[in-house]
Amino acid sequence: MTEQPETLRLIEAALRGDQRAYADLYHQHAAGLYRLLYGILLNKQDAEDVTQEAFVYAFKNLARYDSRRAAFKTWLYTIAVSRSRNVHRRQRPISIDMADIVRLKTPVSRDQTPEAHLTQQCAKEAVAQALTKLSARLREAVVLRYGHGLTYREIAEVMDCPQKTAESRVRLAHNQLREQLRDEGQGLLEELLSL
Amino acid sequence: MDNCQYCRKYLIDYIQGGLPQRRSRHVGQHLRRCDACHAVYVQQRDTTHTLENELALLGKAQDTQLEAMWRNIAFELETPQPQPAQAHSWWHSGALVALLVLCVLPWTFNLNQIVGTATTYESAQMGIPYHAVTPNGTAVSIAQRIEIRREQPTEDAAPPTPTSTPAVAPAPGNLSNASQR
């Protein structure tokens, strides 16, 4: 596993006490980490809290990071996923905050018809709803695979499980989502045709 | 049937191009022959594309949100954390005091007095005369003790009173022996 030279330089500078390097490391990975945690926790406040916790922990323990064992992003994701499991343990059943989804609405582009835009928006909501029905472990696997494009080996590292387990979790999550999206898709199609 | 199971097991990896060439060729050949597996393949492919497109957008943070989080993180990093020694100093002091008290306790109280009082109380409760221990270690009743003292040629002829007699706890065996006597 090789780390990008730029990230390594920032880590070394941060370890020497360069405050600017910490900020740069944060800005390099914050958006991705927040997106990962939002995909897993499906709650804005929880995702923000765990993002902050993960960065604080990572920066305080930066000297422990070994670039030969994993990429910095993978290490950071491992910390974040581990912390998100603490939230799962003390949490009620997940109910997605639809206000967050609405806030993420993309504006209608000039090439896109309103119907196409509506379909896209519905697909986004359907995916978010389908994710809530998955177990925490399956959700982690599918978000890491499709939302972040991690390899099975990286997923196994982040989830702290064998690679075969990571593969089967992704497959299982994929099949469950396919079933749910197929049901949703038929409903959406009927709705769109009646317009 | 076996081919269908084989094909569906590797379908997702086939869609994502993650299969070795030989295995990928087998799956492709089966899909061209089997309509059922082809239908599943189409569904899987659509789901994969939907997930890749939608999950990439789900939870996209705004710049203001990221900045607010960074301010909190920077504040947290600047705040000095309590050292483990400081955090636990109260507990350490408490444990030390408790240990000292436990060490000093045997010297502070006269154990004989405590046990003797308890025995006196228990004897009174049970209606048994007070007991004492002779110099050779045998427990005897007060009446027997008086008899022993009378038989001994002592200068002090005054009989001991129960209150002035040091009451010492007899061993359970000795107590029963003394009662029998």
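Residues numbered from 1 in each chain as written. Chains lettered and ligands numbered in written order. Predicted model: local features only at pLDDT ≥ 70, side-chain atom pairs only at ≥ 80, totals over all residues.

Engineer: Please provide a residue-by-residue account of the overall build of chain B, values included.
Structural biologist: Each helix and strand in chain B was counted, giving 10 helices and 2 strands. Reading chain B from its N terminus to its C terminus gives the helix and strand order α-α-α-α-α-α-α-α-β-β-α-α. With 181 residues in all, chain B has 15% of them scored as buried. Pairs at least 24 apart in sequence give 57% of the contacts found in chain B among residues at least 6 apart. (Helix = DSSP H or I, 4+ residues; strand = E, 2+ residues; numbered from the N terminus. Buried ≥ 20, exposed ≤ 12 C-beta atoms within 10 Å, placed from the backbone. Contact = placed C-beta atoms within 7 Å.)

Engineer: Tell me about the overall build of chain A, residues and numbers included.
Structural biologist: From N to C terminus, chain A includes 9 helices and 0 strands. By the burial criterion, 35% of the 195 residues in chain A qualify as buried. Within chain A, counting contacts between residues at least 6 apart in sequence, those at least 24 apart form 67% of the total.

Engineer: I'd like to hear about the interface of chain A and chain B, residue by residue, with values.
Structural biologist: At the junction of the two partners, chain A supplies 30 residues and chain B supplies 22 residues. Counting residues per element, the ones that place at least two in the side of chain A that touches chain B are α2 (19-41), α3 (44-60), α6 (114-132), α7 (136-147) and α9 (163-193) of chain A. Per element, the largest residue contribution to the side of chain A that touches chain B is 8 residues, and it comes from α2 of chain A.

Engineer: Residues and numbers for the nonpolar core, please.
Structural biologist: Residue and element names in this part refer to chain A. Ranked by size, the top nonpolar core spans 54 residues in total, and within it Leu37, Leu76, Ala80, Ala141, Val142 and Ile155 carry the most contacts. Counting residues per element, this core draws most heavily on α2, at 11 residues. Of the domains in this structure, domain 1 (1-93) and domain 2 (96-195) are the two that each give at least three residues to this core. In contact with Leu76, other than residues within four places in its own chain, are His29, Leu33, Ala54 and Ala58. (Core = buried A, V, L, I, M, F, W, Y, C linked by C-beta atoms within 7 Å. Domains from an automatic or database assignment.)

Engineer: Outline the packing of helix α4 (residues 72-89) of chain A against helix α8 (residues 152-159) of chain A, listing residues and values.
Structural biologist: Residue and element names in this part refer to chain A. At their nearest, the axes of α4 and α8 sit 8 Å apart, and the two run at 45° to each other. For the element pair α4 / α8, the angle class is oblique. Handedness of the α4/α8 crossing: right-handed. On the side of α4, the interface is formed by Thr74, Tyr77, Thr78 and Val81, while α8 contributes Glu154, Glu157, Val158 and Met159. The residue inventory of the contact of α4 with α8, partitioned by class, reads 4 nonpolar, 2 polar and 2 charged. (Axes fitted to C-alpha atoms, helices over the stretch in contact; angles between N-to-C directions. Parallel < 35°, antiparallel > 145°, perpendicular 65-115°, else oblique. Left-handed = near helix turned anticlockwise from the far one by under 90°. Nonpolar A, V, L, I, M, F, W, Y, C, P; charged D, E, K, R; others polar.)

Engineer: Please give an account of the environment of Gln28 of chain A that cites residues and values.
Structural biologist: All names here are of chain A. Note on placement: Gln28 falls in helix α2. Residue Gln28 is classed as partly exposed on the basis of its 17 C-beta neighbours within 10 Å. With 21 residues separating them in the primary sequence, Gln28 and Thr7 have C-alpha atoms 8.7 Å apart.

Engineer: Explain the confidence of the model for chain B residue by residue, including any values.
Structural biologist: Looking at chain B, the pLDDT average stands at 72 and 54% of residues meet or exceed 70. When pLDDT is averaged over each helix and strand of chain B, the minimum, 48, is found for helix α10 (residues 172-180) of chain B and the maximum, 92, for helix α5 (residues 63-78) of chain B. (pLDDT = per-residue confidence, 0-100.)

Engineer: I'd like a rundown of the confidence of the model for chain A, residues and numbers included.
Structural biologist: With 78% of its residues at a pLDDT of at least 70, chain A reaches an overall mean of 83. For residues 189-195 of chain A, every residue scores under 50 in pLDDT, and the model assigns this stretch 2 contacts once sequence neighbours within four places are set aside.

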